Amino acid sequence: MTLKKRRFFFPQMIIAVSQSLFIINYFANSGRPRKVFKDLTKRIHTVLMATAQMKEKVKDPEMLIDLQYSLAKSYTSISELRKTWLDSMAKIHIKNGDFSEAAMCYVHIAALVAFLRKKQKQKQFVPLAFKKITPNIDEEGAMKEDAGMMDVHYSEEVLLELLEQCVDGLWKAERYEVISEISKLIIPIHEKCQESEVNLTQVYRTLHGAYPKILEVMHTKKRLLGTFFRVAFYGQVIFFLEEEDGKEYIYKEPKLNFMLTCTPFSLLFNKTQNFLTFQVNVKELDPKYAHIQVTYVKPYFDDKELTERKTEFERNHNINRFVFEAPYTLSGKKQGCIEEQCKRRTILTTSNSFPYVKKRIAINYEQQIHLKPIDVATDEIKDKTAELQKLCSSADVDMIQLQLKLQGCVSVQVNAGPLAYARAFLNDSQASKYPAKKVNELKDMFRKFIQACSIALELNERLIKEDQIEYHEGLKSNFRDMVKELSDIIHEQASIRVIEKENMIWVPKVLLSKPISLK
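Just so it is clear, the structure is predicted and the values come from calculations on it, not from any experiment.

Asker: Would you explain the overall build of the protein chain in this entry?
Answerer: In terms of helices and strands, the protein chain carries 19 helices and 6 strands. Here the protein chain, with 519 residues, has 47% of them falling under the buried criterion. Total accessible area on the protein chain stands at roughly 28,200 Å², and carbon and sulfur atoms take up 53% of it.

So, in structure tokens, the structure goes:
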């Protein structure tokens, strides 16, 4: 550890410990409950242990961030030290290219200062603009006011500088959509100054540049706001796992190469690859080894949230629920025939929302939903319908993806494609085995699916070039065969017409003028 880093860590440790001892002495003479002493003892222990471990984790950014986070969290009554550690975390994030997390550190610092400036007037005040950026900001409004708390006064200039850091951080994180919320706090400060024309011009210029950026990333779809993994630790004998046994987290990674970039996994790969396990049965684990279970997860939204969160940004910002699914059968096998294939859907809730001041957040709630075979069928058709709808509603249609999806959707093979679900669950000989409500739900989903396929075919026909006409005719032929067989199975004529109706499939106006021709 360098002399510079020692100078950085130890003065803060001394300040924190002396503050805590001062508070203990104060409460000891005031007759306060024993719980106060336990809390203070725990705080001192956290400071000493985290400071000591930081010497060993200087080259391990993920663990270093966690240690600094524990220190920042312990200083809920010493604003200057909390601010210092959040700032230190931001610098580490920037060095590692984790700009969303760095931006959140600056947002938390600015909110902390804003709260302290207002605490005399309104104790629980946290500007609404910060809450619109992240619900995690309530942490700063919960600052304690223990005796002996440092009486630090922050000027409006300090707050302004921090707010400008927030804007810069959000820009680097490509989270352009929330820059306007911080700007709403900056503009009134500049307007009070007489010589603020240049500064105001810069603020409005930044806002003017943010909106084209939003349109650009929506059009190119190249912005990746995060990839998420559930990571569970089992074992007490290896490296960092001593205090992690049995704990589960959601990790956010900015890139897809998670296993190559994410510490502590890179550490394990360097030490030995034999300790890494992707699928584990806790009861069968060898206690001599440490085990890690890694599962890719996606943000989860219920139907109400999906109607409220319409853009990709809204579905990747301020999220704390994630989902992954695993197939199984009642016989114990993972995979089986359609009639016996079940699915376990696991919904995980984290203690904070992403993005946060760090890249991993503990899971504090887990819910499992078991889908029976007919539910799995309905779910699969629903997903295929949604995929086609999304492709067709895009401003810039991805022809390759559209045709690949269409090819899979209109397959009429005996044991493949959506039609296999209709044969398995909607035939007269099969439908009676299942609840009428479930059968009707699957039928209704097939109607929506046929509608989505017909729109996608029409769109494909309008966009293809001459060399793809024969390929398109093959898709149409398969679609006609699928519609005919489905009509025979459910005993109703499938209506292939585009209807403009609220809450139904969105299509370009040009497609609403006439029925879709499949001839």
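Asker: Help me understand the packing of aromatic side chains in this model?
Answerer: Geometrically, a pair of aromatic rings is defined through the distance of the ring centres and the angle of the planes. Within this structure, the stated rule accounts for 10 aromatic pairs. Consider the rings of Phe228 and Phe322, whose centres lie 4.9 Å apart with planes at 45 degrees: the pair is tilted. Of this pair, Phe228 sits in strand 1 (residues 227–234) while Phe322 is found in strand 4 (residues 319–328), placing the two residues 94 residues apart along the sequence. Of the two residues examined, Phe228 and Phe322, each falls in the buried class.

Asker: Sorry if this is basic, but what is going on with the packing of helix 15 (residues 399–409) against helix 19 (residues 469–490) here?
Answerer: The contact between helix 15 and helix 19 brings their axes to 10 Å, and the two run at 35 degrees. Note on packing geometry: the crossing formed by helix 15 with helix 19 is left-handed. Contacts between helix 15 and helix 19 pair Gln403, Leu406, Gln407 and Cys409 from the former with Tyr471, Leu475 and Met482 from the latter. Grouping the constituent residues of the contact of helix 15 with helix 19 by class yields 5 nonpolar, 2 polar and no charged.

Asker: Even after reading the chapter, I still don't get the packing of helix 14 (residues 373–393) against helix 18 (residues 436–463), so can you show me in this structure?
Answerer: Two numbers describe how helix 14 lies on helix 18: the axes approach to 9 Å, and their chain directions differ by 25 degrees. For the element pair helix 14 / helix 18, the angle class is roughly parallel. At the point where helix 14 passes helix 18, the crossing takes the left-handed sense. Of the residues in the contact of helix 14 with helix 18, the class split is 15 nonpolar, 3 polar and 6 charged.

Asker: So what exactly am I meant to see when it comes to the nonpolar core here?
Answerer: General note: in soluble globular proteins, nonpolar side chains tend to be found buried as a group. Membership of the largest hydrophobic core comes to 65 residues, with the highest contact counts inside it found for Phe130, Leu163, Ile182, Ile250 and Val357. Examining the composition of this core, we find that 13 residues originate from one element, helix 5 (residues 99–118), more than from any other. Those residues within four positions of Ile182 in sequence are excluded, and the remaining contacts are Phe130, Ile133, Leu163, Cys166, Val167 and Leu170. In terms of nonpolar packing, the next biggest core, distinct from the first, is built from 38 residues, Leu391, Ala424, Tyr434 and Ala456 among them.

Asker: I tried to follow the sheet that holds strand 6 (residues 360–371) on my own but got confused; where do I start?
Answerer: On the basis of which strands lie adjacent, the closed barrel formed by 6 strands has the order 1-2-6-5-4-3 and antiparallel pairing. Pairwise comparison of adjacent strand axes, ignoring direction, gives a mean angle of 40 degrees for this sheet. By the bridge criterion, 2 bridges tie strand 3 (residues 291–299) to strand 4 in an arrangement that is antiparallel. When the sheet's bridge partners are listed, Lys298 is paired in strand 4 with Val323. Helix-sheet contacts for helix 14 involve strand 4, strand 5 (342–354) and strand 6, and the interaxial angle to strand 5 is about 60 degrees.

Asker: What is the right way to look at the pairing of strand 6 in this model?
Answerer: Walk down a regular strand and you will see the side chains alternate between the two sheet faces. Here strand 2 (residues 248–253) pairs with strand 6 via 3 bridges, running antiparallel. Following the sheet pairing, Ile250 is matched in strand 6 by Ile361. In terms of strand pairing, strand 5 meets strand 6 through 8 bridges, oriented antiparallel. Paired with Arg345 across the two strands is Ile369, which belongs to strand 6. Here strand 5 hands over to strand 6 after 5 residues, the two strands then running antiparallel side by side.

Asker: Whenever I open this one, the pairing of strand 2 confuses me. Can you help?
Answerer: By the criterion of burial, strand 2 is predominantly enclosed, with 5 of the 6 residues buried. When strand 1 meets strand 2, the two strands line up antiparallel, connected through 6 bridges. Within strand 2, the residue paired with Arg230 across the bridge is Ile250.

Asker: How do you make sense of the pattern of salt bridges when you look at a structure like this?
Answerer: When the charged atoms of two side chains lie near each other, side chains of opposite charge can form a pair. Enumeration according to the criterion identifies 34 salt bridges in this entry. Two residues, Glu139 and Arg82, come together in a salt bridge whose shortest N-O distance is 3.6 Å. With a gap of 57 residues between them, Glu139 in helix 7 (residues 138–141) and Arg82 in helix 4 (residues 79–95) connect regions that are remote in the sequence. The class for Glu139 is partly exposed, based on a relative accessible area of 26%. Since its relative accessible area comes to 6%, Arg82 is described here as buried. Connected via shared salt-bridge partners are Glu325, Lys343, Arg345, Asp379 and Glu380.

Asker: What exactly am I supposed to notice about the side chain of Asn136 here?
Answerer: Take Asn136: it is sitting in the loop between helix 6 (128–133) and helix 7. At a separation of 2.8 Å, a polar atom in the side chain of Asn136 contacts the main-chain carbonyl oxygen of Ser353. Once residues within four sequence positions are removed from consideration, Asn136 is found in contact with His108, Asn352, Ser353, Pro355 and Tyr356.

Asker: In this structure, what is going on with helix 10 (residues 197–220)? I would like to understand it.
Answerer: Since there are 3.6 residues in each turn of an α-helix, residues three or four apart along the chain are aligned in direction. Taking 1.5 Å of rise per residue, 24 residues should cover 34 Å, and helix 10 covers 35 Å from first to last C-alpha, within 8% of that figure. Listing the buried residues of helix 10 in full gives Leu200, Val203, Thr206, Leu207, Ala210, Ile214 and Val217. Contacts made by the buried residues of helix 10 are with helix 8 (156–172) and helix 9 (179–192). Where helix 10 terminates, the next one or two residues include Lys221, which has phi positive at roughly 60 degrees.

Asker: I tried to follow the environment of Asn427 on my own but got confused; where do I start?
Answerer: Mapped onto the elements of the fold, Asn427 is located in the loop between helix 16 (419–425) and helix 17 (428–431). Judged by relative accessible area, which is 28%, Asn427 ranks as partly exposed. When the C-alpha atoms of Asn427 and Ile489 are compared, they prove to be 5.5 Å apart, with 62 residues separating the residues in sequence. Once residues lying within four places of it in the same chain are set aside, the contact partners of Asn427 are Ala422 and Ile489. A distance of 3.0 Å separates the side chain of Asn427 from the backbone oxygen of Arg423, its partner in a polar contact.

Here is what the cut-offs are and how they apply
- One numbering rule holds for all chains: residues counted from 1, following each sequence as written.
- In view of the model being predicted, local features appear only for residues whose pLDDT reaches at least 70, and side-chain atom pairs are presented and counted only at 80 or more, with totals across whole chains, interfaces and linings using the full set of residues.
- Working from all heavy atoms in the structure, the side-chain values ignore hydrogens and water.
- A run of H or I in DSSP counts as a helix once it spans at least four residues, and a run of E counts as a strand once it spans at least two, with each numbered from the N terminus.
- Exposed residues in this analysis have more than 50% of their type's maximum accessible area, buried residues have under 20%, and partly exposed residues fall in between, with area computed by a 1.4 Å probe over protein chains only.
- Residue exposure ignores everything except the shown protein chains as possible cover, and the areas themselves are Shrake-Rupley values with a 1.4 Å probe.
- Ring pairs shown here join Phe, Tyr and Trp side chains whose ring centres sit within 6.5 Å, with only the six-membered ring taken for Trp; geometry is labelled stacked below 30 degrees between planes, edge-to-face above 60, and tilted in between.
- Interaxial angles span 0 to 180 degrees and are taken between N-to-C directions of axes, which are lines fitted to C-alpha atoms, for helices over the stretch in contact.
- Crossing handedness: left-handed means the near helix sits turned counterclockwise from the far one by under a right angle, and right-handed means the same turn made clockwise.
- Here, two residues are considered to be in contact whenever any of their heavy atoms come within 4.5 Å of each other.
- Under the convention adopted here, Pro, Cys and the residues Ala, Val, Leu, Ile, Met, Phe, Trp and Tyr are nonpolar, Asp, Glu, Lys and Arg are charged, and Gly plus all remaining residues are polar.
- What sets the label is the angle itself: under 35 degrees gives roughly parallel, over 145 gives roughly antiparallel, 65 to 115 gives roughly perpendicular, and the rest give oblique.
- Nine residue types can take part in a nonpolar core, namely buried Ala, Val, Leu, Ile, Met, Phe, Trp, Tyr and Cys, and a core is a set of them joined through side-chain atoms within 4.5 Å.
- Note on pairing: two strands pair once DSSP finds at least 2 bridges between them.
- The rule for a salt bridge is simple: a side-chain nitrogen of Lys or Arg has to be within 4 Å of a carboxyl oxygen of Asp or Glu.
- Throughout this description, a polar contact denotes any pair of N or O atoms lying within 3.5 Å of each other; where both atoms belong to protein, one of them has to be capable of donating a hydrogen while the other can accept it, and for residues adjacent in sequence the pair is counted only when both atoms sit in side chains.
- A helix is expected to span 1.5 Å for every residue after the first.

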